[in-house]
Structure formats: C-alpha cells, structure tokens
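In case you want the letters, here they are:
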Amino acid sequence: MDPTIAMILKEFSLDEYRPIIPRELDLGEPLPPRAGNLVKAITGMRRSGKTYRLFQEMDRIHRSGVPWSRIWYFNFEDNRLAPITPRTGDDVLEAIRYLGDTDPQDGLYLFFDELQEMENWGAWLRRVVDTTKATIYASGSSSKMLSKEIATEFRGRALDFELLPYSFRELLASDPDGTALMEEKAWTASERARIQKRFDSYLERGGFPAVQGLPASQASALLQSYTQRVVARDVVERHNLAKPRLAAALARKLMGLNARQLSVRKVENDLRSAGLASGRGYLADLVAHFEDAFLLFRVKEFSLSLSENTTAQPKVYAIDPGLALANSKAGACDKGQRLEGAVYLELRRRCPSLRDGAISLFRTKEHRYEVDFALGDVLDGEASQLIQVTEAMDGPKTSARETRALWEALSESGLDEGVIIVGNGDETEYEQGGKRIHQIPAWKWFIDPNRP
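Residues numbered from 1 in each chain as written. Predicted model: local features only at pLDDT ≥ 70, side-chain atom pairs only at ≥ 80, totals over all residues. Heavy atoms only, no water.

Undergrad: What is the right way to read the overall build of the protein chain from this model?
TA: Within the protein chain, the regular secondary structure consists of 16 helices and 14 strands. Its C-alpha atoms give the protein chain a radius of gyration of 23 Å, near enough to 22 Å, the size a compact globule of 452 residues would have. For the protein chain, the spread of C-alpha atoms along the principal axes amounts to about 75 × 55 × 45 Å. Here the analysis covers contacts within the protein chain between residues at least 6 apart in sequence; of these, 71% occur between residues at least 24 apart. (Helix = DSSP H or I, 4+ residues; strand = E, 2+ residues; numbered from the N terminus. Rg over C-alpha atoms; globule rule 2.2 N^0.38 Å. Contact = heavy atoms within 4.5 Å.)

Dropping the structure here:
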C-alpha cells in the first residue's frame, strides 16, 4: 500500500470544510453501488465550487444511513502525487479497501476530484466502473474533461452535470438574512432596496465562492488570477500554443465584449494595432478553446443555431459577471452587459436538459430588431419563450425601444407573451393586440426559479 496515498485518505475530514453551502445543481438520486454503474461527472470552470458540490453529495449519502467507511473522497490535484498515472488510481483503490475494512459486497461510494489530472483518466475509470461494485462521482476542471470527451470515453455510461459559479439566489440563501428576504411574499420598500443593493453587488463581484466577503481590490485581483490560470493551463498548455501573450490579450478583450456580438475581424484588427498580429482562423480557434475551458459561451441567432458555416456574428457571454468586470478595461463591460450575461447564465442553470443552441438570440425578420434570448429547440423551428433584458425602463423612448422588438418577435413567432427583465424598475405589464409583455425587476426574477 502506498503510504503517501494512505496518508492523504486518512487526512481528509469533511468536518474541516463545514459549513457546506448547498448548491442547487440537482444530481438526482444516488445509484445503488454495482459494477457497470453510470458515472456522474461534474464539470465547470476552475474554482466554481465543484469540490463542495461533491462534499454536499457525500453528506447527503451519509445522512441516508451509509457509514463513512463506505464513502471515500480523493483529490488527484494533490501535489504530493506527481506524476499521476493509472497506477496512482489503482493505489488509491487498494488503500481504500485496506483502510475501509468493509465487506466488498456492501459496495463503495467513490468521489474522485480533479480526475483529469491523471494520464489516460478515461480508460482507467472505465476499468474501475466495469470491475468495482461502486457508485462513482467525478469532477473535472478545464477542457481536459469536456462533456463531449465524457460522452466519447463512456459511450452512454456517464451523466455530465455543468456547475456554474453561485447564482444570485444561492448567494442570498448562503446567509440567514438573505434567506429571510427570499421567504417574504410581500416586500417592504426597505426590503426591496436591500435586495436591490445585494443584486447590484452580485453584478460587480459575481458568484465565484472564494471572492465573497473579500475587499473589492482583492476580489478583482483573485478573479484576474482565475482567468490567467485558465488561459495558461487550460488553453495554452493543453493545446501547446506558441503565443501566450496573444491568448491572454484575447481573453481580456472577450471579457470586455461580454453580452456583445463578436467580430473576429474587428478583434484581429484591434490586436494587430496593439502589436499582436495573428490570423482570424487562429483567433477563432482560441475562442473555441476558451469556450471549452468554460471561460465563456457563444450564443447564435435562433434560426442559425444549427449552422456552423454562417457569417452571422454570435454573442459572447462570460462565465461570471464579476469575472467579466475584473478582466475588462474600465468602462468596457457596463452594468447592462453584466445583467444580460447574468440572465444568460441563469437560463443555463434553469434549462440544463436543453440541447446546445436552445438558448439563442432572436432577430425579427421585418425590421431586424433584436430580442436578447429565445428559448426553444431550433429543430422544432419554434421559440417557446422570448426574453428581453435592459438595465432600466426610465422613459417613454426606452420603453418603446425595448418593447417594439418584443412585439414584433411575438407576432412573428406566434407567441402570446414575452418577458422584459429590468435591472432597475417596477413590475408591470403591457398589452397590445391581444399579446402581453411582463416586465419583471431582475432581482425578483433571479430569486424565483419558477419565473419564466
């Protein structure tokens, strides 16, 4: 038995990580241990809380009556392990069987954190699944454990769950005052102001767990370091790229474009002016690598979501509003952009079962007006919901501009109702020609998961 691995296993205690703030990512009911089980894999950007989601599941399984001698956690990112090979994984299982001292027929619950650090992790885990009576959970950061790679490695024998940084609702629920505010049914003016203030703070520092409670300058520096680490390790190092300065500059540029359309041609010209020349094909590949590493997402027009060969410019959305702000030039990523980006991320949380492209930009045919989000499977050719996002509805001109796009989109899509999420504004409704638009304050929409 490897003494270092045995020491790491014995050192771990879940009590050292309490309190464990519950995440809303639903992993379903734990499967009974058996050989050939489905693996549940949690993927997402570094530092988004995947480890604590594993801890939450371990706690849940223990409370159901499973003794700790059958529940084991191992972090493959521990620097005492290098190099990490399938032999390392075999040594982990050997130590677990020795230290657990349980009947093999009882089965184990195994939690493998940062498994992508192991060479040939997919082949090793397939072997463990086939030969071990266990229920297995795994986490993976970066592009080394992509949804498409999990699907390829396990061919229908794994379930992938995407974990984003904290939502606004999760942040409120993390302390008693916030929980009490969410449970109110009729808020006073003072309570509404308190929630609005906390929501504005969320748009500034975002939802990465470790930045909560830090002074603004420290939070910004930490978020910048997250981006630098993703670019260095999950993009440049993984893909063996020869232009790290270009990759870092492009990442900062894209953070400033949060919730705006991406023109690779314009970005190429801007970088060239800064002395960082590169071809558009290379830049397009970098953008795809950033998306693989969960740094950002691209959203296409609804009618073009299935087409890879289109000249339409997608919008880009950062993985977190605070990350976008911290890594942008002053004034490049305004509050309205961060609000729209936060809405997009919330839609991803609320619609985890939708296919890729089911959250799209909708552009009307008649006047080419833009509606920020259309929900619906493009294979069906129909949108099921239309959502517009704006920072404020502070005058007749703004109201007319924001509603006209929705009215035209509702008419063309055949839908009867649409939604406007407003950063600062009241709840109200508009009616026209038998159709209705619901205007909802952003903070209220974010804390109510049943809102459209």
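Undergrad: Sorry if this is basic, but what is going on with the sheet that holds strand β13 (residues 428-432) here?
TA: Either a parallel or an antiparallel arrangement is found when strands of a sheet pair, and the pairing is made through backbone hydrogen bonds. Read from one edge of the open sheet, six strands run β9-β10-β11-β12-β14-β13, paired in mixed fashion. Two strands lie at the open edges of the sheet, namely β9 (359-363) and β13, each paired on one side alone. Between one strand axis and the next, the sheet turns through 30° on average, direction left out of account. With five bridges connecting them, strand β11 (residues 385-392) and strand β12 (residues 417-424) associate as parallel partners. In the sheet register, Val389 faces β12, and the bridge partner there is Ile421. Across the sheet, helix α14 (residues 335-350) touches β9, β10 (370-375), β11 and β12, and the angle it forms with β11 is around 150°. (Pairing = 2+ DSSP bridges. Axes fitted to C-alpha atoms, helices over the stretch in contact; angles between N-to-C directions.)

Undergrad: So what exactly am I meant to see when it comes to the packing of helix α9 (residues 216-237) against helix α10 (residues 244-256) here?
TA: The axes of two packed helices give the description: the angle between them and the distance between them. Following both chains from N to C, one finds α9 and α10 inclined at 130°, their axes separated by 10 Å at the closest point. By the criterion of interaxial angle, the relationship of α9 to α10 is oblique. Crossing hand, α9 versus α10: right-handed. Taken together, the residues of α10 that come into contact with α9 (itself represented by Thr227, Val231 and Val236) are Pro244, Ala247, Ala248 and Ala251. Residues of the contact of α9 with α10, tallied by class, amount to six nonpolar, one polar and no charged. (Parallel < 35°, antiparallel > 145°, perpendicular 65-115°, else oblique. Left-handed = near helix turned anticlockwise from the far one by under 90°. Nonpolar A, V, L, I, M, F, W, Y, C, P; charged D, E, K, R; others polar.)

Undergrad: What am I meant to see in the layout of surface pockets here?
TA: Where empty space is left becomes clear once a probe the size of a water molecule has been rolled over the atoms. The computed volume of the second largest pocket comes to approximately 860 Å³. Around the second largest pocket, the lining is made up of 35 residues, and of these Tyr17, Arg47, Thr51, Tyr52 and Asp113 lie nearest the centre. Secondary structure elements with two or more residues in the lining of the second largest pocket: α1 (3-11), α2 (50-63), β2 (71-75) and α9. Ranked by the residues each element gives to the lining of the second largest pocket, the list is headed by α2, at four residues. Taken together, the residues that form the lining of the second largest pocket break down as 15 nonpolar, eight polar and 12 charged. (1 Å grid on protein atoms, 1.4 Å probe; cavity = no way out; pocket = protein on both sides within 12 Å on 5 of 7 lines; lining within 4 Å. Points joined across faces, edges and corners; volume = space filled by probe spheres on them.)

Undergrad: Sorry, what's going on with the pairing of strand β3 (residues 108-113) here?
TA: The side chains of a regular strand alternate, first on one face of the sheet and then on the other. In terms of residue burial, β3 counts as a mostly covered element, since six of its six residues are buried. Alternating positions in β3 separate into two faces, Leu108, Leu110 and Phe112 on one and Tyr109, Phe111 and Asp113 on the other, with burial throughout. Of the pairings in the sheet, the one linking β2 to β3 comprises five bridges and is parallel in character. Paired with Asn75 across the bridge in β3 is Asp113. The handedness of the β2 to β3 crossover, carried by helix α3 (residues 86-100), is right-handed. (Buried < 20%, exposed > 50% of the residue type's maximum accessible area, 1.4 Å probe, protein only. Right-handed = clockwise from strand over helix to strand, strands pointing away.)

Undergrad: Got a minute to help me understand the packing of aromatic side chains in this structure?
TA: How two aromatic rings sit relative to each other is given by the distance of their centres and the angle of their planes. Scanning the entire structure with this criterion turns up 24 aromatic pairs. Three or more aromatic residues link up through ring pairs in this structure, and these residues are Phe12, Tyr17, Tyr52, Phe55 and Tyr73. It is Lys243 that lies over the ring of Tyr282; its NZ or CZ is 5.1 Å from the centre. Its guanidinium or amino end placed over the ring of Phe297, Arg348 lies 3.8 Å from that ring's centre, counting from NZ or CZ. (Phe/Tyr/Trp six-rings, centres within 6.5 Å; stacked < 30°, edge-to-face > 60°. Lys NZ or Arg CZ within 6 Å of the ring centre and 35° of its normal.)

Undergrad: Can you help me understand the sheet that holds strand β8 (residues 315-318) in this one?
TA: Reading across from one edge, β6-β8-β7 is the order of the three strands in this open sheet, with antiparallel pairing throughout. Lying at the two open borders of the sheet, with one neighbouring strand each, are β6 (260-261) and β7 (296-299). Pairing analysis gives four bridges linking β7 to β8, with the strands arranged antiparallel. Residue pairing for β8: Arg298 is matched across the bridge by Val316. On top of the sheet, α14 reaches β6, β7 and β8; it is set at about 80° to β8, its chief contact.

Undergrad: Before we go on, may I ask you to explain helix α11 (residues 264-273) in this structure?
TA: Among the residues of α11, those classed as buried are Val267, Glu268 and Leu271. Summarising the axial view, the buried residues of α11 lie within an arc of 105°, below the 170-degree limit, and thus occupy one face. In α11, the exposed residues that point more than 90 degrees away from the buried face are Arg265, Lys266 and Ser273. In this structure, the buried side of α11 is in contact with α10 and α12 (280-292). (Arc of directions from axis to C-beta.)

Undergrad: Explain the environment of Ala330 here, please?
TA: Here Ala330 lies in the loop between α13 (321-326) and α14. Look at Ala330 and you get exposed, because its relative accessible area is 85%. Expressed as a C-alpha distance, the spacing of Ala330 and Gly256, which sit 74 residues apart in the sequence, is 9.0 Å.

Undergrad: Can you help me understand the packing of α10 against α12 in this one?
TA: Where α10 meets α12, the axes come as close as 11 Å, and the angle between the chain directions of the two elements is 70°. The angle between α10 and α12 falls in the class roughly perpendicular. In this structure, the crossing between α10 and α12 has a hand that is right-handed. Packed against α10, whose contacting residues are Leu246, Ala247, Leu250, Ala251 and Leu254, the element α12 presents Tyr282, Leu283, Leu286, Val287 and Phe290 at the interface.

Coordinates in, geometry out; function isn't part of it.
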